[in-house]
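Structure at a glance
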Amino acid sequence: MEKVLWMIAVVFAPLLGALVWYLAGPHPFGLRLTRQVR
């Protein structure tokens, strides 16, 4: 059971990290979820 959980974590951790980076990380053309006051 522990091996299965580790395999799931190893598979989904990079996918989850990529999703968070896509939603909250820097984007080309300055597109972000929040607007910064200039």
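The structure contained in this document is the topic of the report that follows.

Rules used throughout
Residues numbered from 1 in each chain as written. Predicted model: local features only at pLDDT ≥ 70, side-chain atom pairs only at ≥ 80, totals over all residues. Heavy atoms only, no water. Helix = DSSP H or I, 4+ residues; strand = E, 2+ residues; numbered from the N terminus. Buried < 20%, exposed > 50% of the residue type's maximum accessible area, 1.4 Å probe, protein only. Areas by Shrake-Rupley, 256 points an atom, 1.4 Å probe, with all protein chains shown as cover. Expected span 1.5 Å × (residues − 1). Patch = residues over 30% accessible without salt bridge, like charges linked within 9 Å, V, L, I, M, F, W, Y side chains within 5 Å. Salt bridge = Lys/Arg side-chain N within 4 Å of Asp/Glu carboxyl O.

Okay, the overall build of the protein chain next. In terms of helices and strands, the protein chain carries 1 helix and 0 strands. Counting only residues that meet the buried cut, the protein chain has 3% of its 38 residues in that class. Entry remark: accessible area of the protein chain is about 4,200 Å², with carbon and sulfur atoms responsible for 73%.

This paragraph deals with helix H1 (residues 2-24). In this model H1 runs 32 Å from its N-terminal to its C-terminal C-alpha over 23 residues, within 8% of the 33 Å that 1.5 Å per residue would give. Of all 23 residues making up H1, only 0 are buried, and the element is barely covered by its neighbours.

Further remarks concern a nonpolar patch on the surface. A contiguous nonpolar patch, built from Met1, Val4, Leu5, Ile8, Val11, Phe12 and Leu15 and spanning about 740 Å² of accessible area, is present on the exposed surface. Tracing the chain through its elements places Ile8 in helix H1. Residue classification places Ile8 among the partly exposed positions, given a relative accessible area of 42%.

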